[in-house]
Amino acid sequence: MTEYKNNNTFSFEIVKKIPGKLGRAGIIHTPHGDIKTPAFMCVGTKGEVRFLSMQDLHAIQAQAMLSNGYHLRNVSEEIQAQKGLAAWSGWNGPTLTDSGGFQVMSLGSGLGKVVSMDREKEVINTDPKDRLAIVSEDGVQFHDPFTDQDDFIGPEESMQIQCRIGADIHMAYDELTSLADSYEYNVEALARTERWALRSLAEHKKHRDDLGYRQSLYGVLQGGRWEDLRRSTAQKFAKMDFDGYGLGGAFLKESLGEILTWCCEELPENKPRHLLGLSHPDDILIGVEMGADTFDCVAPTREARHGRIYTTHGYYSLSKFADSEELLDQGCDCPVCKAGWTRGQLRALMKSEKQEDKHTYYNLASMHNLRFIIRLTEQARQAILDGTYAEFKENFLKNYYHR
């Protein structure tokens, strides 16, 4: 018999606030353990972080893993049979699943492309006849280009899939718009997301206890870059029976702080908020200050695989460090730096023709970058507790971005 924690329930407590700001340090209590916030969730899209073992995740002091309901939909019954994602994956800690809302955009208007926060003028939506995700009031008709599989997923199907997967936290079904979508289309899509939120809630309540522990649901706020849409939808979601909130959307990087302010000023203070898909240090530190509690992104591992290494003084390209005997980052507490691996050694593994060497490189570099971002959120939490967040943020960003 599995022993669940926190009386098999979900709750959130605020430990300390940032004076004059929306940010706070807290604890999210889940049936599979606690998450001390601010926190970064490692992305294990299909139930595992690429090239990392569950022991590696514990070694870098990860607190939670985020997986994707859309990508796990075909094995959801197998996961259900093994009593949920935590047990099936071997992670056995707090877990979260996204609904597939990102795929509504990436396979639809974005056709698989990640929408950049830094470019607006270059973003052009995919021609409707070429889209692999077609949105209707009922839900989304998907064509998966990797499996050649057709699927219809609406709010009810998404909740059923996620409840079979059984993460501690789920995301309500939503439509993510792209930077190229007009204000008028965002109004239409947001109204649909609000209707889908109510349907998600109703279906989730039917199945949230199916695996023997309470699974919780976050509502996902959209609204693009418009204040009236962001505030109005936050006000509506605040009145719904969600356990927390996902803060989503495609918008320009410089708008992040004000968009989070618009949302978090309207949301109830006593529920946690997850900022979807961002992990660069300035995004995280702005996010923390403006009220986000948890974060996720594939960037730390993806950039590691391409030779970009994070340090307290900014990132660098490993390809420039042939034969270097320097550690990846002086003073870093990750298992890679503590074991004495050098930049030259990792570069040699990265450049090797042997697949085994490349896999070793992917493992080591991914651990280093993930630990860097996890440690950043740990330091941010401690700074909030110490009452020194403003100074910590200023000093960290000055060192990292040299400004």
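Shown above is the structure to which this text applies.
Before going into details, it helps to say that this report is about the structure given with it. (Residues numbered from 1 in each chain as written. Predicted model: local features only at pLDDT ≥ 70, side-chain atom pairs only at ≥ 80, totals over all residues. Heavy atoms only, no water.)

1. Remarks on the overall build of the protein chain
When its secondary structure is counted, the protein chain shows 14 helices and 16 strands. A compact globule built from 403 residues would reach a C-alpha radius of gyration of about 22 Å, and the protein chain, at 21 Å, matches this within 12%. Seen through its C-alpha atoms, the protein chain measures out along the principal axes to roughly 60 × 55 × 50 Å. Among the 403 residues that make up the protein chain, the fraction classed as buried is 57%. With an accessible surface of roughly 17000 Å², the protein chain has 48% of that area assigned to carbon and sulfur atoms. Mean positive and mean negative side-chain charge positions of the protein chain (47 and 58 charges, respectively) differ by 3 Å. (Helix = DSSP H or I, 4+ residues; strand = E, 2+ residues; numbered from the N terminus. Rg over C-alpha atoms; globule rule 2.2 N^0.38 Å. Buried < 20%, exposed > 50% of the residue type's maximum accessible area, 1.4 Å probe, protein only. Areas by Shrake-Rupley, 256 points an atom, 1.4 Å probe, with all protein chains shown as cover. Lys, Arg positive; Asp, Glu negative; His and termini not counted. Charge placed at Lys NZ, Arg CZ, Asp CG, Glu CD.)

2. With respect to the sheet that holds strand E7 (residues 133-135)
As summarised here, the arrangement of the three strands in space is E7-E8-E9, forming an open sheet in which the pairing is antiparallel. The strands lining the two open edges of the sheet, one partner per strand, are E7 and strand E9 (149-153). The sheet shows a mean angle of 15° between the axes of neighbouring strands, direction not considered. Inspection of the sheet shows strand E8 (residues 140-144) paired to E9 by five bridges, in the antiparallel sense. Bridged to His143 within E9 is Asp150. (Pairing = 2+ DSSP bridges. Axes fitted to C-alpha atoms, helices over the stretch in contact; angles between N-to-C directions.)

3. Here we look at the pattern of salt bridges
Here the structure, examined in full by the defined rule, presents 23 salt bridges. Two residues, Asp151 and Arg73, come together in a salt bridge whose shortest N-O distance is 2.7 Å. Taken together, the positions of Asp151 in strand E9 and Arg73 in the loop between strand E5 (65-68) and helix H2 (76-81) put the pair 78 residues apart, joining distant regions of the chain. For Arg73, a relative accessible area of 9% puts it in the buried group. (Salt bridge = Lys/Arg side-chain N within 4 Å of Asp/Glu carboxyl O.)

4. Comments concerning the nonpolar core
Counting residues in hydrophobic clusters, the biggest one holds 74 residues, and the most contacted among them are Leu57, Ile60, Phe242, Tyr361 and Tyr389. Ranked by residue count, the leading element in this core is helix H13 (residues 355-386), at 13 residues. Excluding residues that lie within four positions of it along the chain, Tyr389 makes contacts with Ile18, Leu285, Val288, Glu289, Ala380, Ala383 and Ile384. Membership of the second largest hydrophobic core comes to 14 residues, among which are Phe10, Ile35, Ala39 and Met41. (Core = buried A, V, L, I, M, F, W, Y, C linked by side-chain atoms within 4.5 Å. Contact = heavy atoms within 4.5 Å.)

5. Section: the packing of helix H9 (residues 281-289) against H13
Contact geometry for H9 and H13: axes closest at 11 Å, N-to-C directions at 30°. The angle between H9 and H13 places the two elements in the roughly parallel class. Viewed along their axes, H9 and H13 form a crossing whose handedness is right-handed. Side by side, H9 and H13 meet where Pro281, Ile284, Leu285 and Val288 of the first sit next to Phe372, Ile373, Leu376, Thr377, Ala380 and Ile384 of the second. By residue class, the composition of the contact of H9 with H13 is nine nonpolar, one polar and no charged. (Parallel < 35°, antiparallel > 145°, perpendicular 65-115°, else oblique. Left-handed = near helix turned anticlockwise from the far one by under 90°. Nonpolar A, V, L, I, M, F, W, Y, C, P; charged D, E, K, R; others polar.)

6. Details of the sheet that holds strand E3 (residues 33-37)
Spatially, E1-E2-E3 is the arrangement adopted by the three strands of the open sheet, whose pairing is antiparallel. Looking at strand neighbours, the two that pair on one side only are strand E1 (11-17) and E3, the edges of this open sheet. Direction aside, the axes of adjacent strands within the sheet are offset by 15° on average. For strand E2 (residues 24-30) and E3, the ladder comprises five bridges, and the chain directions are antiparallel. The residue of E3 that forms the bridge with His29 is Asp34.

7. Let's talk about the state of the cysteines
Tallying each qualifying case throughout the model produces zero disulfides. In this structure Cys264 is not part of a disulfide, and its nearest cysteine sulfur, from Cys263, lies 6.3 Å away. (Disulfide = S-S within 2.5 Å.)

8. So, the packing of aromatic side chains
Within the structure shown, the criterion is met by 17 aromatic pairs. For the pair Tyr183 and Trp226, a centre-to-centre distance of 5.3 Å together with 75° between the ring planes defines the contact as edge-to-face. Within this pair, whereas Tyr183 is found in helix H6 (residues 183-207), its partner Trp226 is found in the loop between strand E11 (216-221) and helix H7 (227-238), the two being separated by 43 residues in sequence. Both rings, one in Tyr400 and one in Tyr401, keep their centres 4.8 Å apart while their planes meet at 70°; by these two values the pair is edge-to-face. Residue classification places Tyr400 among the buried positions, given a relative accessible area of 5%. Residue classification places Tyr401 among the partly exposed positions, given a relative accessible area of 25%. Among the aromatic residues, those joined into a ring-pair cluster are Tyr310, Phe372, Tyr389, Phe392, Phe396, Tyr400 and Tyr401. (Phe/Tyr/Trp six-rings, centres within 6.5 Å; stacked < 30°, edge-to-face > 60°.)

9. Notes on the pairing of E5
A regular strand places its side chains so that they alternate between the two faces of the sheet. Of the two faces of E5, the one holding Met65 and Ser67 and the one holding Leu66 and Asn68 are both buried throughout. Pairing of strand E4 (residues 39-43) with E5, which is carried by two bridges, proceeds in the parallel orientation. Along E5, the bridge assignment pairs Cys42 with Met65. In this region the chain leaves E4, passes through helix H1 (residues 54-59) and returns to the parallel neighbour E5; the handedness of that crossover is right-handed. Both E5 and strand E6 (residues 95-98) contribute to a ladder of four bridges, which runs parallel. Opposite Ser67, over in E6, you have Thr97 as the bridge partner. (Right-handed = clockwise from strand over helix to strand, strands pointing away.)

10. Describing H6
Here H6 spans 35 Å end to end across 25 residues, near enough to the 36 Å set by a 1.5 Å rise per residue. Three or more residues of H6 are buried, namely Asn186, Ala189, Leu190, Arg192, Thr193, Glu194, Trp196, Ala197, Ser200, Leu201, Glu203 and His204. (Expected span 1.5 Å × (residues − 1).)

11. Some points on unusual backbone geometry
The amide bond that connects Thr37 to the next residue, Pro38, takes the cis arrangement and shows omega of 5°. On the secondary structure map, Pro38 appears in the loop between E3 and E4. A positive phi is found at Gln61, a non-glycine position, where the angle reads about 65°. Positionally, Gln61 belongs in the loop between H1 and E5. Judged by its relative accessible area of 41%, Gln61 is partly exposed.

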